[in-house]
Amino acid sequence: MARLDITPLVNAIDRLCEGLARHRGEPADMQLRDGLMQRFEVSYELCHRVLRRFIRECAASPDEVDRMAFQDLIRTANQQGLLLGDWPAWHRYRDFRARTSHTYQAERARQLVEAIPAFLAEAEYLRDELRKRLA
């Protein structure tokens, strides 16, 4: 199991945390907000990819994990204690990820920024669980 390198995920979470702190210090700075949104996108994608790889490596049937729908992946991860949140929470993050990458709306951006602290807690929990299990 030690083959799985979570360094990119760890780095992305660190950058998201830094971005959130800077945005909180200067909430009117739209450039900081936009950068924070991009950091969310990268962190979200890495959470998804690393989670799938980890579950695949632990699975009795890795091919089943490859075919698993995202919601089933999240439910499986939640059952295994890898996540704090369940499918509705992750569905919301996935929706934010999809919408921010295809359209830009000020209200949607505001909603995403408000959701980042909860997502960050989720990502940090996943990081910490993976560190324990990969040690």
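Below you will find a few notes about this structure. (Residues numbered from 1 in each chain as written. Predicted model: local features only at pLDDT ≥ 70, side-chain atom pairs only at ≥ 80, totals over all residues. Heavy atoms only, no water.)

### Details of the overall build of the protein
Defined as follows: Numbering goes from the N terminus for both helices and strands, where a helix is a DSSP run of H or I of at least four residues and a strand is a run of E of at least two. As defined in this context, the radius of gyration uses C-alpha atoms, and a globule is described by 2.2 Å times the residue total to the power 0.38. Only protein chains enter the accessibility calculation, which uses a 1.4 Å probe. A residue is then buried if its area is under 20% of the maximum for its type, exposed if over 50%, and partly exposed in between. Should any heavy atoms of two residues lie within 4.5 Å, those residues are considered in contact. In this description, accessible areas are obtained by the Shrake-Rupley approach with a 1.4 Å probe, and a residue is regarded as covered only by the protein chains that are shown. Asp and Glu count as negative and Lys and Arg as positive, but His and the ends of the chain are not part of the count. Taken as the charge location is NZ of Lys, CZ of Arg, CG of Asp or CD of Glu.
Each helix and strand counted, the protein has 6 helices and 0 strands in total. Scanning the protein from its N terminus toward the C terminus, one meets helices and strands in the order α-α-α-α-α-α. Compactness check: the protein gives a C-alpha radius of gyration of 15 Å against a globular reference of 14 Å for 135 residues, within 12% of the reference. On the principal axes, the C-alpha backbone points of the protein span a range of 50 × 30 × 20 Å. Out of the 135 residues in the protein, the part that is buried amounts to 42%. Across the protein, every contact between residues at least 6 apart in sequence was considered, and the portion connecting residues at least 24 apart equals 68%. Accessible surface for the protein amounts to roughly 7,400 Å². Of this, 48% is attributable to carbon and sulfur atoms. Both charge centroids of the protein, one from 22 positive and one from 21 negative side chains, sit 1 Å from each other.

### Structural notes on the environment of M68
Examined against the element boundaries, M68 turns out to sit in the loop between α3 (62-67) and α4 (70-79). For the pair formed by M68 and R52, sequence separation is 16 residues and the distance between their alpha carbons is 9.1 Å.

### Some words on the pattern of salt bridges
Definition in use: Counted as salt bridges are all cases of a side-chain nitrogen of Lys or Arg within 4 Å of a carboxyl oxygen of Asp or Glu.
Tallied over the entire structure, the rule returns 16 salt bridges. For E41, the salt bridge identified is with R97, shortest N-O distance 4.0 Å. A residue pair is termed long-range when its members are at least 10 positions apart, and E41 in helix α2 (residues 30-58) and R97 in helix α5 (residues 87-102) qualify at 56 residues. The class of R97 is buried, set by a relative accessible area of 18%.

### Considerations on the packing of aromatic side chains
What counts here: Between rings of Phe, Tyr and Trp, where Trp is taken as its six-membered ring, a pair exists when centres lie within 6.5 Å; planes separated by under 30 degrees are stacked, by over 60 edge-to-face, and by other angles tilted.
As enumerated under the stated definition, the model contains 9 aromatic pairs in all. Geometrically, the ring pair formed by F40 and F119 is edge-to-face, given 5.0 Å between the ring centres and 75° between the ring planes. One end of the pair, F40, is in helix α2; the other, F119, is in helix α6 (residues 106-134), with 79 residues separating them in the sequence. Pairing Y44 with F119 gives two aromatic rings, centres 6.4 Å apart and planes at 45°, and the pair type is tilted. Of this pair, Y44 sits in helix α2 while F119 sits in helix α6, and the two are 75 residues apart along the sequence. Owing to a relative accessible area of 0%, F119 belongs among the buried residues under this scheme. Site record: aromatic cluster; members linked through ring pairs are F40, Y44, F70, W87, W90, Y93 and F119.

Note that all results are geometric; they support no functional claim without further evidence.
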